[in-house]
Every structure is written in structure tokens, then in C-alpha cells.
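Here are the chains, one letter per residue:
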Amino acid sequence: NAGVMQNPRHLVRRRGQEARLRCSPMKGHSHVYWYRQLPEEGLKFMVYLQKENIIDESGMPKERFSAEFPKEGPSILRIQQVVRGDSAAYFCASSPRGTNEKLFFGSGTQLSVL
Amino acid sequence: GESVGLHLPTLSVQEGDNSIINCAYSNSASDYFIWYKQESGKGPQFIIDIRSNMDKRQGQRVTALLNKTVKHLSLQIAATQPGDSAVYFCADSLGMGFQKLVFGTGTRLLVSP
């Protein structure tokens, strides 16, 4: 049973470009969470999605950031017009139910903005 | 507001020693806590959880302690091994069913052979 799969592992973008981060949850999991981690800091909640629905996006910046979890395919975190401050590790987690019990995290995408 | 903080950023121990990692929280309504281990270049890995109706939860080599009076959590690791070297986070779920985990800053555990 494959775990949470994130790709790419490393993503380099120049300022102003778009970044697309993908997350495939564990099999049977329909709840996906995105977190951001700056160096030497804890993870910060960004957004919680179920299939085709955004449940809570209170941790996501209002501009340039968006997330989706379509009926088919992975969840996508999209960052438009990236800036250097967007450089961070972005982690996706999934769960079978809509609680935080035993969230299973992916290995993350390290975004570097030049 | 909610915050979960750690007392020590780095803890160095010898192999075989017991390790204790501490965490404080501020939200009196918090009732479910989780400890995660994060190795370099990897995502957080669930270690153990503890609910507010417990003061102790035992795992295989780990023990979670909760003192609600002073809003303090501890993670004890018995017979620490080099493979335990990682950053450890406590996280507060602000109540079962609440969707946002609030993570502490993390404690780096270094285990010397």
C-alpha cells in the first residue's frame, strides 16, 4: 500500500513563474491537507480538501495560492507569480476520515524560488 | 491565541540513555495531542497521540505524558538509539475533528553512539 506521494520532490522556479505541487493521497483516503514548513520551523496548516471541495482554506494566503482536489487525479497546490518568500517545504497529508488522527504525510516538495 | 512551543531547540544524548522532549501549549480547550518525528528530507511520521482524559500513554519505547494543570506535554524515549536522531514536534489538534494541526517549533534530538 503506497503512502502519500508527492511530486516533484524538488522544484526550482524563478520569481514570477508558477509552481504546481501534486499530491496523491493514500489509497482509500479522501481527505487531503496541505502544510508549509519554513527552515527550522514547525509545519503551518494551509488548506484542507475533500474530493472536489475545499473545506477549510483559512491558512492559505488569499492571493496567488490555490488548491484543488478533483474527482479524478491528485490534489494540486498552485502558486502563481512566485516570490522568494514562497521558498519552503510543502507537505501533503491524507486521512481516511475528516479528523487529524494519525495523519499520513508525504515526503514533501521543496520549492526554491530564485 | 493558540500556540504550541518547545523548551529546548536541541537535545544531545548518548546511545542507551533515556530522552525527554518537552512541549507547552496555551489553549485550555485543547484535548488531543500528537507527537511526530521528522527525519531530514522526510515528512513527519506519527509516533504517539494522547487525549486530554489521559495523563500517560505508553508506546513501544515511547511514552507520552500530559499535565493539563500546567499545559505541558512530554515525550519520553527509552534506550535512545542513533536511529532516533530527528526533529520531534508536538502538535495540537484543538479538539477531535478540528482540521488544523498546530505544530510546535520542534526539538532536534542528537544521539551519539
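Heads up: the structure comes first, above all this text.
The following refers to the structure shown. (Residues numbered from 1 in each chain as written. Chains lettered and ligands numbered in written order. Predicted model: local features only at pLDDT ≥ 70, side-chain atom pairs only at ≥ 80, totals over all residues. Heavy atoms only, no water.)

## Thoughts on the overall build of chain A
- Along its length, chain A carries zero helices and eleven strands.
- Reading chain A from its N terminus to its C terminus gives the helix and strand order β-β-β-β-β-β-β-β-β-β-β.
- A globule of 114 residues ought to have a C-alpha radius of gyration of about 13 Å, and chain A, at 13 Å, matches this closely.
- By principal-axis analysis of the C-alpha atoms, chain A measures approximately 35 × 25 × 25 Å.
- Taken across its 114 residues, chain A has 45% of its residues classed as buried.
- Pairs at least 24 residues apart make up 54% of the contacts formed inside chain A by residues separated by at least 6 positions.
- Accessible area of chain A: about 5,800 Å², with a carbon and sulfur share of 47%. (Helix = DSSP H or I, 4+ residues; strand = E, 2+ residues; numbered from the N terminus. Rg over C-alpha atoms; globule rule 2.2 N^0.38 Å. Buried < 20%, exposed > 50% of the residue type's maximum accessible area, 1.4 Å probe, protein only. Contact = heavy atoms within 4.5 Å. Areas by Shrake-Rupley, 256 points an atom, 1.4 Å probe, with all protein chains shown as cover.)

## With respect to the environment of Leu75(B)
All names here are of chain B.
- Along the chain, the position of Leu75 falls in strand 8 (residues 72-77).
- Put simply, Leu75 and Thr63 are twelve residues apart on the chain and 5.8 Å apart in space, counted from C-alpha to C-alpha.
- Once residues lying within four places of it in the same chain are set aside, the contact partners of Leu75 are Ser19, Ile20, Ile21, Trp35, Ile47, Ile48, Val62, Thr63 and Tyr88.

## Considerations on the sheet that holds strand 8 (residues 75-79) of chain A
All names here are of chain A.
- A sheet is described by the order of its strands in space; here four strands give the open sequence 1-3-8-7, paired in antiparallel fashion. Only two strands of the sheet have a single neighbouring strand rather than two, namely strand 1 (5-7) and strand 7 (65-68). The sheet shows a mean angle of 15° between the axes of neighbouring strands, taken without regard to direction.
- With five bridges joining them, strand 3 (residues 19-24) and strand 8 adopt antiparallel strand pairing. In the sheet register, Arg20 faces strand 8, and the bridge partner there is Arg78. (Pairing = 2+ DSSP bridges. Axes fitted to C-alpha atoms, helices over the stretch in contact; angles between N-to-C directions.)

## Side note on the layout of surface pockets
- Estimates place the volume of the largest pocket at around 630 Å³.
- Taken together, 30 residues make up the lining of the largest pocket; nearest its centre are Gln37(A), Glu40(A), Gln38(B), Val87(B) and Arg108(B).
- For the lining of the largest pocket, the elements supplying multiple residues, two or more each, are strand 9 (88-95) and strand 11 (109-113) of chain A together with strand 9 (86-92) and strand 11 (107-112) of chain B.
- Tallied by class, the residues present in the lining of the largest pocket amount to eleven nonpolar, 13 polar and six charged.
- Computed from the structure, the second largest pocket encloses a volume of approximately 280 Å³.
- Taken together, 16 residues line the second largest pocket, and the ones lying closest to its centre are Phe104(A), Phe105(A), Pro44(B), Gln45(B) and Phe46(B).
- At the level of elements, strand 10 (104-105) of chain A together with strand 5 (45-51) of chain B are the ones that each hand at least two residues to the lining of the second largest pocket.
- Taken together, the residues of the lining of the second largest pocket break down into seven nonpolar, five polar and four charged. (1 Å grid on protein atoms, 1.4 Å probe; cavity = no way out; pocket = protein on both sides within 12 Å on 5 of 7 lines; lining within 4 Å. Points joined across faces, edges and corners; volume = space filled by probe spheres on them. Nonpolar A, V, L, I, M, F, W, Y, C, P; charged D, E, K, R; others polar.)

## Thoughts on the nonpolar core
- In terms of nonpolar packing, the biggest core is built from 23 residues, with Trp34(A), Met46(A), Leu77(A) and Tyr90(A) touching the most fellow members.
- Those residues in contact with Leu77(A) that sit more than four places away from it in its chain are Ala19(A), Arg20(A), Leu21(A), Trp34(A), Met46(A), Met60(A), Ser66(A), Ala67(A) and Tyr90(A).
- One finds Trp35(B), Ile50(B), Leu73(B) and Val111(B) within the second-largest nonpolar core, a separate group that totals 20 residues. (Core = buried A, V, L, I, M, F, W, Y, C linked by side-chain atoms within 4.5 Å.)

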